[in-house]
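Topology and contacts: notes
Each chain, written out:
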Amino acid sequence: MWAARVGSLAARHRVTVEAPAASSACLVRADRTRLRQVLVNLLSNGIKYNRPGGVVTVTQTRQAGGVRVDVADDGLGMTPQQLASLFQPFSRAGAETSGIEGTGLGLFIAKQLVEAMGGQLQVGSTP
């Protein structure tokens, strides 16, 4: 689903995207288009803010009443100050002068979409 949308970006940034096979299929009740939009945004960020030769890993696990999807990368990480502003509109968490494309709206919109579908979008990072 997402590989076609982020594969060329990953190749340009020399980042590998891994999605270990799930032990069993998971079904979720969600808007397919919006869920795809959220996943593509998270993967794109994991790729763009990673390092050459880095890895982005996508995993899914069943949880009571739903599914947890984790998108993890091995990039530079973020400080607590950067994390505090991450889901604010137009916030680039200090990447404004990095040369990395973006408006600072992707994660704000992704969070709104996930919450509208009854889910949660959370982040954790270590610099």
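Description of the structure in this document.

As a further point, take the nonpolar core. Judged by nonpolar contacts, Val-38, Leu-42, Met-78, Leu-86, Phe-87, Leu-107, Ala-110, Leu-113, Val-114 and Leu-121 together constitute the single largest core of 10 residues. Among the secondary structure elements, those contributing two or more residues to this core are helix 2 (32-48) and helix 4 (106-116). Apart from residues lying up to four places away in sequence, Leu-113 is in contact with Arg-34, Gln-37 and Val-38.

Moving on: the sheet that holds strand 1 (residues 16-18). Taken together, 3 strands build an open sheet; the order of strands is 1-2-3 and the sheet is mixed. Of all strands in the sheet, those bounded by a partner on one side alone are strand 1 and strand 3 (66-73). On average, each strand axis in the sheet is tilted by 15° relative to the strand beside it, whichever way the strands run. Alignment of strand 1 against strand 2 (residues 55-63), held across 3 bridges, turns out to be parallel. Bridge pairing in strand 2 places Thr-16 opposite Val-55.

This paragraph deals with the packing of aromatic side chains. Applying the stated criterion across every chain yields a total of 0 aromatic pairs. Positioned above the aromatic ring of Phe-87 is the side chain of Lys-111, whose terminal nitrogen or guanidinium carbon lies 5.1 Å from the ring centre.

Definitions and limits used
Residues numbered from 1 in each chain as written. Predicted model: local features only at pLDDT ≥ 70, side-chain atom pairs only at ≥ 80, totals over all residues. Heavy atoms only, no water. Core = buried A, V, L, I, M, F, W, Y, C linked by side-chain atoms within 4.5 Å. Buried < 20%, exposed > 50% of the residue type's maximum accessible area, 1.4 Å probe, protein only. Helix = DSSP H or I, 4+ residues; strand = E, 2+ residues; numbered from the N terminus. Contact = heavy atoms within 4.5 Å. Pairing = 2+ DSSP bridges. Axes fitted to C-alpha atoms, helices over the stretch in contact; angles between N-to-C directions. Phe/Tyr/Trp six-rings, centres within 6.5 Å; stacked < 30°, edge-to-face > 60°. Lys NZ or Arg CZ within 6 Å of the ring centre and 35° of its normal.

Remember that the coordinates give geometry; whether it matters functionally is a separate question.
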